[in-house]
Structure formats: structure tokens, C-alpha cells
Amino acid sequence: MDESTSSPERLHPGTPAEENARVPATSATGPTPGASTSIAAPFSQSTEVTATEHRQVYGTAKTENLRDSGAWRIILPAFVILLCLALLAVPLIILIPLFANSLDVTAQTHGLVWLWIVMIILEVAIAAFIIRSLVKIFLTQAGNYRG
């Protein structure tokens, strides 16, 4: 690593690391002659950064409207309920006429009555599982955010 990136002064000017780097260090051979060997007193200076430090601002907090109208608390559950009804209704709209047609003795699908019954039962069971999951996820969470 080159010296330009390893020096604390070059990484973050104005930081406490730079202030600490300006403190004279003792020589590698030991204390200088005539210097006191007592333990240094703790710093009385504050290590807080002064107000003149440049601060980077991210986002648009001053111009962004963060107020909630509360409409999503009505729209989201209503949308989920409509989707759950559609999830249940669309396959039944297809399967029930097929089942009703197969009840006719003269129809070619008369032997497939058992198939339509099984498909209706499977569809309702799978739809019930999905609907229960969607209700747990969306409708219970929407109720928890009431102020």
C-alpha cells in the first residue's frame, strides 16, 4: 500500500486521526534526555468534531413528502380481497359448467364426472391455502398500523 492512502491525514482530513497524527511522537530510541518519565495527564481537549466539518447530505429529506394519507390501509386490503375472490371464482366458473355438462347422460364427458369433482375439490383446497396466506400477510399487517 502506498503512503498516500495509508496516512490518516490523507484519508479523512479534519478527523481526530489527523489531530492525533500531529502530536509529536517519542523517538524510537526512547525518551529524550531531560524529559519527564511520568505518565502523561489525560487529554483535556474534546475529541468531538467541530461544526466547521463538511457534511455530505444524502436524499431529499427537505423536499420529500413523507406524510401518509392512510388510503393504502383501505386500498391494499380491498385489493387483496378482490384478488382472493378472483382466485376462487375464476377456476370455479370454468369447472362448474364442465361438471354440469358431464351430468347429462348423452354428453361425451358423462364418464368424467369424477374428474370434475376432484378438480373442484383440489382447486378449492389450494385456493383456500393461498387465500389464508394472503390474509395473514396483508390484512393482519394493515390492521397493525392503525394509529
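How each quantity is defined
- Residues numbered from 1 in each chain as written.
- Predicted model: local features only at pLDDT ≥ 70, side-chain atom pairs only at ≥ 80, totals over all residues.
- Heavy atoms only, no water.
- Helix = DSSP H or I, 4+ residues; strand = E, 2+ residues; numbered from the N terminus.
- Buried < 20%, exposed > 50% of the residue type's maximum accessible area, 1.4 Å probe, protein only.
- Areas by Shrake-Rupley, 256 points an atom, 1.4 Å probe, with all protein chains shown as cover.
- Polar contact = N/O pair within 3.5 Å; in protein donor to acceptor, adjacent residues only side chain to side chain.
- Contact = heavy atoms within 4.5 Å.
- pLDDT = per-residue confidence, 0-100.

Trainee: Before we move on, could you go through the overall build of the chain and cite the residues and values that matter?
Mentor: When helices and strands are counted, the chain shows 5 helices and 0 strands. Going from N to C terminus, the chain has its helices and strands arranged as α-α-α-α-α. Burial statistics for the chain: of 147 residues in total, 12% are counted as buried. For the chain, the exposed surface amounts to about 12600 Å²; the carbon and sulfur share of it is 66%.

Trainee: Kindly report on the side chain of Ser102, identifying the contributing residues and their values.
Mentor: Mapping Ser102 onto the fold places it in helix H4 (residues 72-102). We classify Ser102 as buried; its relative accessible area is 0%. A distance of 2.7 Å separates a polar atom in the side chain of Ser102 from the backbone oxygen of Phe99. Ser102 has contacts with Thr109, His110, Val113 and Trp116, leaving out every residue within four places of it along the chain.

Trainee: Let's hear about the confidence of the model for the chain: which residues, and what values?
Mentor: With 53% of its residues at a pLDDT of at least 70, the chain reaches an overall mean of 75. Across the chain, element-level confidence peaks in H4 with a mean pLDDT of 93 and bottoms out in helix H2 (residues 8-11) with 50.

Trainee: Give me the environment of Ala100: which residues, what numbers.
Mentor: Structurally, the position occupied by Ala100 is in helix H4. Residues Ala100 and His110, spaced 10 residues apart in sequence, show a C-alpha to C-alpha distance of 9.7 Å.

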